[in-house]
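Secondary and tertiary structure notes
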Amino acid sequence: MEFSHNDNNNLPLTKFESMLKTNHVLFFDSEEFENIIHHYLNQGKIALAKKAIKLGLDQHPTSINLKLFKVEIYVFEDKLPDADALLNELYNLDPFNEEIYIQKANVLSKKDEHLKAIEVLKKALELTDDVVDLYSLIGMEYLFLDQFEDAKTFFMKCLEQDIDDYSALYNIIYCFEFLNQNEDAISYLNVFLDKNPYCEVAWHQLGKQYVILKKYKKALTAYDFAIISDDTFVGAYLERGKVLEKLKRYEDAIENYNISLQLDEPTSFALLRIGNCYEKLKNDDLAVQYYYKTVHEDPLLDKGWIAITKFYNKKKNYQKALYYINKAINIDTENVVYWKLYSQINQRLNLYEEAERGYKKTLELGNYELNTWLSRGDLLIKLGEVQAAVYNFEQAIEFYPENAELEYRLAGLYFSLNENDKGTFYLKNGLKHNEEYNFILEELFPEVSNKILVKNLLKTNL
């Protein structure tokens, strides 16, 4: 029973809360206590639930249901030995109570003993006619074990019992997708839709499976049926818009995204996609307007800032691109993509120190792509920071051993420092791994490439 503010069902709750304020102990029957506790647990008010359990057990010390709520609290607080002890006591009192088995399985699951939890839940199945929740719990335990075939079987049992159990439907499709059984998922959904032809969720999921298989026209048809089943289904319009984009039908995609905006609060995703469609249609004014709307709607959405920065980057308006990427970095200083864009834009503006700082920050944030090491190192060379460049490339070569691009750069740096042994070592390695990259020496280190030692080493390899 759920308490409602519109009927008399909340009278025991009002009475209970009044009792807590006055300290006058009032009597409630055990079912009233159960409803009060259930209400507090649903509200996440654990302290009040615990008070209700204590007072309930004071008045009804033999109530198994109230003691099961106590078990639930023990599990929530991770007091698993206490939960186990109380469950054993309850089992001795009522060995045919399926809720005891469910809570026992819950404890085992918390201990990562999922196979034992499944065994216990299967015993509970023998004790009840209400099997749907148990099938779902067993399915979840199989998911924890990554046993997706078994999980799928039990979620399918849920759906056989309750055709409107969309949670089970989502889990079934999740299993199909994890197992890369997209064709099987389509077959299953088609059979399901034969029985339940106006299920918008199933049509939506069918569309997504067709998208994975790049069958875009079939996906569109599925989304059309989802919308026929529920013309306010925002998700179907969004997915339909994405498919229309893939088919380069940008104006139709915009129409679908706009419908989604009319049906619900504006979403940054839809605004961003509309901006992208207008950019594809070469309507730059509207594209940038929607990119502005995107970052205004959700300043934390990195894709919005990236889109607006790249938009100005393509237009070679580097000052504006830099302005927006700086705004993005001020909001999120730990975003690797922002720093990489920041570096590239500064480099195009010949602001080499800022560009180098950006690449350094990119590396500090864990972006170890080869291009990042090369770009930073080349900037350090340009800035005359020879030792810093050496250190940069030596770090890089730990991630990319036997990489000729790095080895030629290190060779050039060491020769320029007159450390000829190290220079020779890296030049020989570079020539061994890819002699075609030897132009790097001439481009980055023209003075070094004119050294007799270097010329001789290059000749020897020819």
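Residues numbered from 1 in each chain as written. Predicted model: local features only at pLDDT ≥ 70, side-chain atom pairs only at ≥ 80, totals over all residues. Heavy atoms only, no water.

Concerning the overall build of the protein chain
For the protein chain, the helix and strand inventory stands at 28 helices and zero strands. Rg of the C-alpha trace for the protein chain: 33 Å, well past the compact-globule value of 23 Å for 462 residues, more than 25% over. Across its three principal directions, the C-alpha atoms of the protein chain cover 100 × 55 × 50 Å. Here the protein chain holds 462 residues, and the buried ones make up 47% of them. Excluding contacts between residues fewer than 6 apart, the proportion of contacts in the protein chain whose partners are at least 24 apart in sequence is 47%. Only carbon and sulfur atoms are counted for the fraction: they give 49% of the accessible area of the protein chain, which is about 24800 Å². (Helix = DSSP H or I, 4+ residues; strand = E, 2+ residues; numbered from the N terminus. Rg over C-alpha atoms; globule rule 2.2 N^0.38 Å. Buried < 20%, exposed > 50% of the residue type's maximum accessible area, 1.4 Å probe, protein only. Contact = heavy atoms within 4.5 Å. Areas by Shrake-Rupley, 256 points an atom, 1.4 Å probe, with all protein chains shown as cover.)

Details of the nonpolar core
Formed by 91 residues in total, the largest nonpolar core has its most connected members in L169, L206 and I325. With residues up to four places along the chain from it excluded, the contact list for L206 reads I186, L189, N190, L193 and A222. Grouped together as the second largest cluster of nonpolar side chains are 28 residues, L413, L431, V448 and L457 included. (Core = buried A, V, L, I, M, F, W, Y, C linked by side-chain atoms within 4.5 Å.)

What to know about the packing of aromatic side chains
Using the criterion set out here, one finds 21 aromatic pairs in the structure. Between the aromatic rings of Y323 and Y324, the centroid separation amounts to 4.9 Å while the plane-to-plane angle is 85°, which identifies the pairing as edge-to-face. Among the residues examined, Y323 registers a relative accessible area of 45% and is labelled partly exposed. Feature note: the residues Y291, Y292, F311, Y312, Y323 and Y324 constitute an aromatic cluster, connected by ring pairs. Across the ring face of Y352, the terminal group of K382 is positioned such that the distance to the ring centre comes to 5.1 Å. (Phe/Tyr/Trp six-rings, centres within 6.5 Å; stacked < 30°, edge-to-face > 60°. Lys NZ or Arg CZ within 6 Å of the ring centre and 35° of its normal.)

What about the environment of R240?
For R240, the position within the fold is in helix 14 (residues 234-246). Judged by relative accessible area, which is 15%, R240 ranks as buried. Ignoring sequence-local partners within four residues, the contact set of R240 consists of L220, Y223, D224, I227 and N256.

Things to note about helix 24 (residues 404-416)
When the terminal C-alpha atoms of helix 24 are compared, their 18 Å separation across 13 residues agrees well with the 18 Å that a helix rising 1.5 Å per residue should span. Across the 13 residues that make up helix 24, a large majority, twelve, are buried. Here helix 24 starts with a cap whose side-chain oxygen sits 3.1 Å from the backbone nitrogen of E405, and that cap is N403. Two residues or fewer after helix 24 comes N418, characterised by a positive phi angle close to 65°. (Expected span 1.5 Å × (residues − 1). Polar contact = N/O pair within 3.5 Å; in protein donor to acceptor, adjacent residues only side chain to side chain.)

A word on the environment of H296
For H296, the location among the structural elements is in helix 17 (residues 284-297). Residue classification places H296 among the exposed residues on the basis of a relative accessible area of 67%. A C-alpha to C-alpha distance of 32 Å links H296 and A219, two positions 77 residues apart in sequence.

Let's talk about the pattern of salt bridges
Tallied over the full model, the rule gives 14 salt bridges. Here R240 ties to D224 by a salt bridge, and the two come within 2.6 Å at their closest N and O atoms. Placement of R240 in helix 14 and of D224 in helix 13 (residues 216-229) is noted, with a sequence separation of 16 residues between them. Classification of D224 as partly exposed rests on a relative accessible area of 31%. Among the salt bridges present, the one from E369 reaches K340, with a minimum N-O distance of 2.6 Å. Taken together, the positions of E369 in the loop between helix 21 (352-364) and helix 22 (370-382) and K340 in helix 20 (residues 336-348) put the pair 29 residues apart, joining distant regions of the chain. With a relative accessible area of 42%, E369 lands in the partly exposed category. (Salt bridge = Lys/Arg side-chain N within 4 Å of Asp/Glu carboxyl O.)

Some remarks on the packing of helix 19 (residues 318-331) against helix 20
Viewed as axis vectors pointing N to C, helix 19 and helix 20 meet at an angle of 155°, and their least axial separation amounts to 10 Å. In this view, helix 19 runs roughly antiparallel relative to helix 20, as classed from their interaxial angle. Note that helix 19 runs across helix 20; the crossing there is left-handed. Here Y318, A321, L322, I325, N326, A328 and I329 of helix 19 lie close against helix 20, whose contacting residues are Y338, W339, L341, Y342, I345, N346 and R348. Of the residues that constitute the contact of helix 19 with helix 20, the class distribution is eleven nonpolar, two polar and one charged. (Axes fitted to C-alpha atoms, helices over the stretch in contact; angles between N-to-C directions. Parallel < 35°, antiparallel > 145°, perpendicular 65-115°, else oblique. Left-handed = near helix turned anticlockwise from the far one by under 90°. Nonpolar A, V, L, I, M, F, W, Y, C, P; charged D, E, K, R; others polar.)

Topic: the environment of G139
For G139, the position within the fold is in helix 8 (residues 132-144). Taking the C-alpha atoms as reference points, G139 and M156, separated by 17 residues in sequence, lie 9.2 Å from one another. Sequence-distant contacts of G139, defined by excluding residues within four places in its chain, comprise A151, F154 and F155.

Looking at the packing of helix 3 (residues 46-59) against helix 4 (residues 64-76)
Packing of helix 3 against helix 4 leaves a shortest axis separation of 10 Å and a crossing angle of 145°. Two packed elements cross with a definite hand, and for helix 3 against helix 4 that hand is left-handed. Listed contacts from helix 4 to I46, A49, K50, I53, G56 and L57 of helix 3 are L66, K67, F69, K70, I73 and F76. Classifying every residue of the contact of helix 3 with helix 4 gives eight nonpolar, one polar and three charged.

A closer look at the side chain of T362
Note on placement: T362 falls in helix 21. Overall, the relative accessible area of 0% leaves T362 in the buried class. When near neighbours in sequence (up to four residues on either side) are disregarded, T362 contacts V336, W339, K340, N367 and T372.

Examining the confidence of the model for the protein chain
Mean pLDDT over the protein chain works out to 89, with 97% of the residues at or above the 70 mark. Per-residue pLDDT stays below 50 along residues 1-8; that stretch engages in 15 contacts with residues further than four places along the chain or on separate chains. (pLDDT = per-residue confidence, 0-100.)

Quick look at the side chain of D165
Tracing the chain through its elements places D165 in the loop between helix 9 (148-161) and helix 10 (166-178). Look at D165: it is buried, it has no salt bridge, and the nearest opposite charge is K157 at 14 Å. When sequence neighbours within four positions are dropped, the list of residues in contact with D165 reads V132, C158 and L159. (Lys, Arg positive; Asp, Glu negative; His and termini not counted.)

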